[in-house]
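Inside the fold
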Amino acid sequence: MASTRCAACKYLRRRCPSDCIFSLYFPSNNPQRFAHVHKIFGASNIGKMLQDLPVHRRADAADSLYYEAHCRIKDPVYGCVGIINILLQEIYNVQCQIAKIQAEIAFLGTHAQSDQTQYQQLQIAPNLDPNFLSEQKGLSNSFDDSSTWFF
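Residues numbered from 1 in each chain as written. Predicted model: local features only at pLDDT ≥ 70, side-chain atom pairs only at ≥ 80, totals over all residues. Heavy atoms only, no water.

Using the following cut-off: UniProt positions are given in the numbering used here, feature names are shortened, and annotations may be inferred rather than shown by experiment.
As named in an unreviewed UniProt entry, the protein is LOB domain-containing protein 24, taken from Abeliophyllum distichum. Checking UniProt for the protein, the heading Sequence similarities (unreviewed entry) contains the comment "Belongs to the LOB domain-containing protein family."

**Overview of the confidence of the model for the protein**
Defined as follows: pLDDT measures the predictor's confidence residue by residue and takes values from 0 up to 100. Only DSSP runs of H or I covering at least 4 residues are called helices, and only runs of E covering at least 2 are called strands; the numbering of each starts at the N terminus.
Looking at the protein, pLDDT values average 82 and 75% of them are 70 or higher. By mean pLDDT, the top-scoring element of the protein is helix H4 (residues 55-74) (94), and the lowest-scoring one is helix H6 (residues 131-136) (54).

**Points about the packing of helix H3 (residues 43-52) against H4**
Cut-off, in case you're wondering: Every angle, taken between N-to-C directions, lies between 0 and 180 degrees, and every axis is a line fitted to C-alpha atoms, over only the stretch in contact when it is a helix. When describing relative orientation, an angle under 35 degrees is termed roughly parallel and one over 145 degrees roughly antiparallel, while 65 to 115 degrees is termed roughly perpendicular and anything else oblique. For a crossing to be left-handed, the near helix must be turned anticlockwise from the far one by less than a right angle; the clockwise case is right-handed. Whether two residues are in contact is decided by their heavy atoms: any pair within 4.5 Å suffices.
It is at 9 Å that the axes of H3 and H4 come closest, and there the two elements cross at 150°. When the axes of H3 and H4 are compared, the pair comes out roughly antiparallel. The handedness of the crossing between H3 and H4 comes out as right-handed. Counted together, Ile46, Met49, Leu50 and Gln51 of H3 and Arg58, Ala61, Ala62 and Leu65 of H4 form the full contact between these two elements.

**A look at the environment of Arg33**
Threshold: Only protein chains enter the accessibility calculation, which uses a 1.4 Å probe; a residue is then buried when its area is under 20% of its type maximum, exposed when over 50%, and partly exposed in between. Each polar contact in these results corresponds to two N or O atoms within 3.5 Å; when the atoms are within protein, one needs to be able to donate a hydrogen and the other to accept it, and residues that are neighboring in sequence are counted only if both atoms are side-chain atoms.
Residue position: Arg33 is located in helix H2 (residues 31-41). You can call Arg33 buried: its relative accessible area is 12%. For the pair Arg33 and Asp63, spaced 30 residues apart in the sequence, the C-alpha separation amounts to 9.2 Å. Contacts of Arg33, omitting those with residues within four sequence positions, involve Tyr25, Phe26, Ala62, Asp63 and Tyr66. Of note is the side chain of Arg33, whose polar atom sits 3.0 Å from the backbone oxygen of Tyr25. In this structure the side chain of Arg33 is engaged in a polar contact, spanning 2.5 Å, whose partner is the side chain of Asp63.

If you want it as structure tokens, here you go:
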């Protein structure tokens, strides 16, 4: 690089060679990015990991290392795993809500279907006398005044 050093070389206080492995992935305008990764993984380990990867995958690896380091600094015990567990819990809660809603839909669907069947049965015989069904069962809807026991 011509006049500016990458964030890694600035942090390590060394001259930045033209073929610096860090220069593309840790630019000088974001020094915290390298500082976090260096604190967790170390400069030589980062360099080895980036050199072992094909060029087209190095940018994703550097982003991943930064994200993992950032999470580890924020949560030293769990790091990224803590975030993954939180997201898994949210997925589980949403799946439970979906199952409850699907059960309610199925329940309401069966009741709506039975209500629709009853409505269709009433539509089939609209001219029937309302007393017809009770008379068929041996019941009567007629009211006999002589059988009242109250005044």
